[in-house]
Amino acid sequence: MSEQTSAGHQTYPCNTCGAQLEFSPGSTALTCPYCGTEQHIQLEAKRVVDRDWEALAAKPRRPREAVPPNLFVCTQCGAHTESDSWSEHCEFCGAPVVVDQFNPDLVPPEGVLPFQVDRAGAKSALRTWVKSRWFAPNKFKRVSEAEQLASSYLPHWTWDADTRSRYTGQRGEHYYVEDSNGNRQRRTRWHPAKGAVSRSFDDVVVPATTHVSNKHLEDLAEDWPTQKAAAYQPEFLAGHRTQRYDVEPEVGLSQAKLKMDKVIRRDVKRDIGGDEQRIHSIDTRYSNIKYKLLLLPVWLVVYLFAGKPWQVLVSGQTGRVTGERPWSVWKIAFAVLVGLIVAAGVLYLMYRNSDSGSGTSLGSLGAAAGIF
Ligand SMILES: [Zn+2]
Ligand SMILES: [Zn+2]
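Bear in mind the structure is a predicted one, so any value in this text is a computation, not a measurement.

**Focus on the overall build of the protein**
Per the secondary structure count, the protein includes 7 helices and 18 strands. Relative to its 372 residues, the protein shows a buried fraction of 30%. In the protein, the proportion of contacts linking residues at least 24 apart, taken out of those at least 6 apart, comes to 69%.

Rendered as structure tokens:
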């Protein structure tokens, strides 16, 4: 059902009307945006494999910047689009195109989490999120009404490793003494501690793109169900933009190690035991390092506010929203003012009550709250 073009990319023409089909979220089908025709995707019998890192590290690769962009030739209108992405919309007619052959100097995607949340779902998640933002300017509240949601598969590295860490430190044990006034005082007695902990890490996720705010990607990285990833198939990308990675695997690995180290530190503290722990050194050996490149589904909104671009991300898997939001100075100032008036009112009532020597301040608090 796919038609290959000379430039090494694929398009999926509709059998009924000839327009280009798009992957429809939450399904295993391609749908025609014009006539609604559905075509089931024939899933390839492939497995998602965690690849051996040593093998990749030993293989000479051209630096990513030296890898030329892809040339997409639109089969619908014939226009040429040069792009750094792995799937695109034709700049001129909007028809979707997906890269067919990956440049041998790049790591190809191993798996993809196909979109589960469609445009309508992403919009309603965004609307709920925007509504629940306190002190946001009114103009921001209209963000979810605008047609500016774009579906993107964003590249992420996943890392597995077995670690063994030898550590030295101190274990603190609390004890109590009585001072001259008979008060109990807590002291800590420190004992030297050393040992080793080990762990098997599976699918530590780190973003492989710098085009989207790392903070927001890290926020979403918490709950990607990586084990649900399907083996890469170009059909899942049709109609959605896919960014090529721009974080080299070496950099991804060092970021994954930072995440692993945080877990290892917790393990070491637990292993030291006692009431308090001091860590002096940790020496970690990583073995059996495996990696894969995954494409993860995100609805992106970039909006301009106060002359600066802001990013909001909606997970295409769960509909969870994360992102930047502006604060309304006026609304905050107004809330602070109302708060001051309430506080002044409460103080006034408390003062009056204590003056007359009757009534409880709690009662007047309630009365003051009732006024506003
Ligand atoms: Zn059609
Ligand atoms: Zn075109």
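**A short note on unusual backbone geometry**
Note: most residues except glycine have negative phi, and most peptide bonds are trans. Located in the positive-phi region is Asp-203, a residue other than glycine, with phi close to 50°. By the secondary structure assignment, Asp-203 is in strand β13 (residues 184-207). Overall, the presence of 20 C-beta atoms within 10 Å leaves Asp-203 in the buried class. One non-glycine residue, Asn-288, adopts positive backbone phi at about 60°. The residue Asn-288 is located in strand β16 (residues 276-305) in this model. Residue classification places Asn-288 among the partly exposed positions, given that 14 C-beta atoms sit within 10 Å.

**Regarding the pairing of strand β8 (residues 80-83)**
Pairing of strand β7 (residues 70-73) with β8, which is carried by 4 bridges, proceeds in the antiparallel orientation. Note on β8: the bridge partner recorded for Val-73 is His-80. Connecting β7 to the antiparallel partner β8 that follows it, the hairpin turn spans 6 residues, and Gly-78 within it adopts a positive phi of roughly 85°.

**Remarks on the sheet that holds strand β5 (residues 38-40)**
Strands pair in a sheet through their backbones, by hydrogen bonds, and they do so in one of two ways: parallel or antiparallel. In space, the 3 strands of this open sheet follow the order β3-β4-β5, with antiparallel pairing throughout. In this open sheet, the two strands that pair with only one neighbour each are β3 (22-23) and β5. Bridge count between β3 and strand β4 (residues 29-31): 2 bridges; the pairing is antiparallel. Bridging from a neighbouring strand, Glu-22 pairs with Thr-31 of β4.

**A word on the nonpolar core**
Membership of the largest hydrophobic core comes to 58 residues, with the highest contact counts inside it found for Val-112, Trp-159, Leu-296 and Val-314. The set of elements that each furnish at least two residues to this core consists of β10 (96-99), α2 (119-131), β12 (150-178), β13, α4 (214-221), α5 (249-272), β16 and β17 (308-315). Sort the elements by how many residues they give to this core and β16 lands first, with 10 residues. Leave out the neighbours within four places in its chain, and Val-112 touches Tyr-153, Ala-229, Ala-230, Tyr-232, Phe-236, Leu-294 and Leu-295. Membership of the second largest hydrophobic core comes to 6 residues, among which are Ala-193, Val-197, Ile-264 and Val-268.

**Some words on the confidence of the model for the protein**
Summing up the model confidence of the protein, the mean pLDDT is 86 and the portion of residues at 70 or higher is 89%. Across residues 1-6 the pLDDT falls below 50, and counting only partners more than four positions away or on other chains, this stretch makes 11 contacts in the model. Within the model, the stretch residues 357-372 combines pLDDT values under 50 with 17 contacts to residues more than four positions away or in other chains.

**Here we look at the environment of Gln-311**
Locating Gln-311 in the fold gives a position in strand β17. The class of Gln-311 is partly exposed, set by 16 C-beta atoms lying within 10 Å. When the C-alpha atoms of Gln-311 and Glu-324 are compared, they prove to be 5.7 Å apart, with 13 residues separating the residues in sequence.

**Things to note about the pairing of β12**
In this sheet, β16 lies alongside β12 in antiparallel orientation, the contact comprising 22 bridges. Within β16, the position partnered with Gln-170 by the bridge is Arg-278. Inspection of the sheet shows β12 paired to strand β15 (residues 241-242) by 2 bridges, in the parallel sense. Counted as the bridge partner of Ser-152 is Arg-241 from β15. Counting the residues that bridge the hairpin from β12 to β13 gives 5 residues, and of these Gly-182 lies at a positive phi of roughly 85°.

**Section: α5**
An ideal rise of 1.5 Å per residue puts 34 Å on 24 residues; α5 measures up with 34 Å between its terminal C-alpha atoms. Of the positions making up α5, those classed as buried are Pro-249, Gly-252, Leu-253, Ala-256, Ile-264, Val-268 and Ile-272. Buried residues belonging to α5 abut α1 (53-58), β12, β13 and β16. Just beyond α5, the residue with positive phi is Gly-273, at close to 75°.

**Looking at α2**
The terminal C-alpha atoms of α2 lie 18 Å apart, and with 13 residues this matches the ideal 18 Å at 1.5 Å per residue to within 8%. Of all the residues in α2, the buried ones are Ala-122, Leu-126 and Val-130. For α2, the arc enclosing every buried residue in end-on projection is 70°, short of the 170-degree limit, so these residues lie on one face. Across from the buried face of α2, at angles greater than 90 degrees, the exposed residues are Ala-120, Thr-128 and Lys-131.

**Points about the environment of Leu-21**
Turning to its location among the elements, Leu-21 is positioned in the loop between β2 (9-11) and β3. For Leu-21, a count of 27 C-beta atoms within 10 Å gives the class buried. Through-space distance from the C-alpha of Leu-21 to that of Glu-38 is 8.3 Å; in sequence the pair is 17 residues apart. Apart from residues lying up to four places away in sequence, Leu-21 is in contact with Tyr-12, Cys-14, Leu-30, Thr-31, Cys-32, Gln-39 and Ala-238.

About the cut-offs
Residues numbered from 1 in each chain as written. Chains lettered and ligands numbered in written order. Predicted model: local features only at pLDDT ≥ 70, side-chain atom pairs only at ≥ 80, totals over all residues. Helix = DSSP H or I, 4+ residues; strand = E, 2+ residues; numbered from the N terminus. Buried ≥ 20, exposed ≤ 12 C-beta atoms within 10 Å, placed from the backbone. Contact = placed C-beta atoms within 7 Å. Pairing = 2+ DSSP bridges. Core = buried A, V, L, I, M, F, W, Y, C linked by C-beta atoms within 7 Å. pLDDT = per-residue confidence, 0-100. Expected span 1.5 Å × (residues − 1). Arc of directions from axis to C-beta.

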